[in-house]
Amino acid sequence: MPTVDFVGQSAQTGTSPGAGTARLLNLYREPVTEGDNTRYLLRSVPGQNIFSSGYSTFMRAIQWVDGQVYIVTDGSLSTMSEGGYIASVGAVTDDENTTIAGNLGYVTVVAGGNYYTWNGTTMLEPPDGAFENYGSVDTLGQRMLLTELNGRRFQWSDPADPDTLGGLNFKTTESGEDNNVRGVVLNGNYWIFKERSIEIWYQTGSSDETQ
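These numbers come from a predicted model, not from an experiment. (Residues numbered from 1 in each chain as written. Predicted model: local features only at pLDDT ≥ 70, side-chain atom pairs only at ≥ 80, totals over all residues. Heavy atoms only, no water.)

## Here's the deal with the overall build of the protein
For step 1, the next point in the chain: From N to C terminus, the protein includes zero helices and 18 strands.
For step 2, the next point in the chain: Relative to its 211 residues, the protein shows a buried fraction of 34%.
For step 3, the next point in the chain: Sequence-distant contacts, at least 24 apart, represent 36% of the contacts inside the protein between residues at least 6 apart.
For step 4, the next point in the chain: In the structure as shown, the protein presents an accessible area of about 12800 Å², 49% of it carried by carbon and sulfur atoms. (Helix = DSSP H or I, 4+ residues; strand = E, 2+ residues; numbered from the N terminus. Buried < 20%, exposed > 50% of the residue type's maximum accessible area, 1.4 Å probe, protein only. Contact = heavy atoms within 4.5 Å. Areas by Shrake-Rupley, 256 points an atom, 1.4 Å probe, with all protein chains shown as cover.)

Structure (structure tokens):
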């Protein structure tokens, strides 16, 4: 059976305008050891430089809020400067399912079932409203929307006030009995991804929410 060798370096000159000018971008062609089935492999060289190395474990979440990059890593909410310098502003639970969202200068984080807010000077865990175990956070219409961890409810804060969660400001996802996994705002609607289904909610213009 005939074989076709992988093309090596090529060039185009004035006397050979039909020669190929294809090239590998961020890859290079490397021969493998003698006796292997594959004669060449393409080794990746992304061409990227390390921007910041001020954390030692996983980056859990990142968000741009009012001209500032905020990240959650190593059990803390931190700012990241243009030069890649990381400065912690407050401790949060380290959780692989962390979510982060901004609201008029506030930065909010849900991690490990807890809800945190940062107003630029102070980190708080606001008093609970309709429930006390949180699964995710996002923002819509200047309200923070929070799903219930291992439950079917979601609640929202007062407008432009992430620290205030009214005890009656909640709804229950009722299309199925499966629990909420995460809520995400997409194109002005609130999508609640559940264990086996998805619900879409929208704003009515009042203090209430309608499915």
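## So, the pairing of strand S12 (residues 143-148)
For step 1, the next point in the chain: Of all six residues making up S12, six are buried, and the element is well covered by its neighbours.
For step 2, the next point in the chain: Burial of S12 is two-sided: the residues Arg-143, Leu-145 and Thr-147 facing one way and the residues Met-144, Leu-146 and Glu-148 facing the other way are all buried.
For step 3, the next point in the chain: Bridge count between strand S11 (residues 134-140) and S12: six bridges; the pairing is antiparallel. Bridge assignment links Thr-139 to a residue of S12, and that residue is Met-144.
For step 4, the next point in the chain: Here S11 folds back onto S12, and the loop between the two strands holds two residues, one of which, Gly-141, carries a positive phi near 60°.
For step 5, the next point in the chain: Relative to strand S13 (residues 153-158), S12 runs antiparallel, the two sharing three bridges. Residue pairing in the sheet places Thr-147 in a bridge with Phe-154 of S13.
For step 6, the next point in the chain: In sequence, S12 turns back onto S13 through a hairpin of four residues, with Asn-150 there showing a positive phi of about 60°. (Pairing = 2+ DSSP bridges.)

## Remarks on the nonpolar core
For step 1, the next point in the chain: Core analysis: the largest hydrophobic core is formed by twelve residues, namely Ala-61, Val-65, Tyr-70, Val-72, Leu-77, Val-92, Ile-100, Val-107, Val-109, Ala-111, Tyr-116 and Trp-118.
For step 2, the next point in the chain: The set of elements that each furnish at least two residues to this core consists of strand S3 (59-65), strand S4 (68-73), strand S8 (106-111) and strand S9 (114-118).
For step 3, the next point in the chain: Take this core: its biggest share by element is three residues, from S8.
For step 4, the next point in the chain: Those residues in contact with Val-72 that lie beyond four places of it in its chain are Phe-58, Met-59, Arg-60, Ala-61, Leu-77, Val-92, Thr-98, Ile-100 and Val-109.
For step 5, the next point in the chain: Among the nonpolar cores identified, the runner-up in size contains ten residues, and Ala-101, Ala-130, Val-137 and Leu-146 belong to it. (Core = buried A, V, L, I, M, F, W, Y, C linked by side-chain atoms within 4.5 Å.)

## Considering the side chain of Thr-99
For step 1, the next point in the chain: Secondary-structure assignment places Thr-99 in strand S7 (residues 99-103).
For step 2, the next point in the chain: A relative accessible area of 2% places Thr-99 in the buried class.
For step 3, the next point in the chain: In terms of polar contacts, Thr-99 uses its side chain to reach the backbone amide nitrogen of Val-137, at 3.0 Å.
For step 4, the next point in the chain: Ignoring sequence-local partners within four residues, the contact set of Thr-99 consists of Thr-108, Val-109, Val-110, Ser-136, Val-137 and Arg-182. (Polar contact = N/O pair within 3.5 Å; in protein donor to acceptor, adjacent residues only side chain to side chain.)

## Some words on the pattern of salt bridges
For step 1, the next point in the chain: Inspection of every chain in the model, using the stated rule, returns three salt bridges.
For step 2, the next point in the chain: Of the charged contacts, one joins Asp-178 and Lys-194 as a salt bridge, the two residues approaching to 3.9 Å between their closest N and O atoms. In this pair, Asp-178 sits in the loop between strand S14 (161-172) and strand S15 (180-186) while Lys-194 sits in strand S16 (residues 189-194), placing the two residues 16 residues apart along the sequence. Residues Asp-178 and Lys-194 agree in their burial class; the two are buried. (Salt bridge = Lys/Arg side-chain N within 4 Å of Asp/Glu carboxyl O.)

## Examining the sheet that holds S8
What links the strands of a sheet is backbone hydrogen bonding, and the strands pair in either a parallel or an antiparallel sense.
For step 1, the next point in the chain: Pairing within the open sheet is antiparallel, and its four strands lie in the order S7-S8-S9-S10. Unpaired on one side and paired on the other, S7 and strand S10 (123-124) mark the two borders of the sheet.
For step 2, the next point in the chain: By the bridge criterion, five bridges tie S7 to S8 in an arrangement that is antiparallel. Looking at S8, one finds that Thr-99 is bridged to Val-110.

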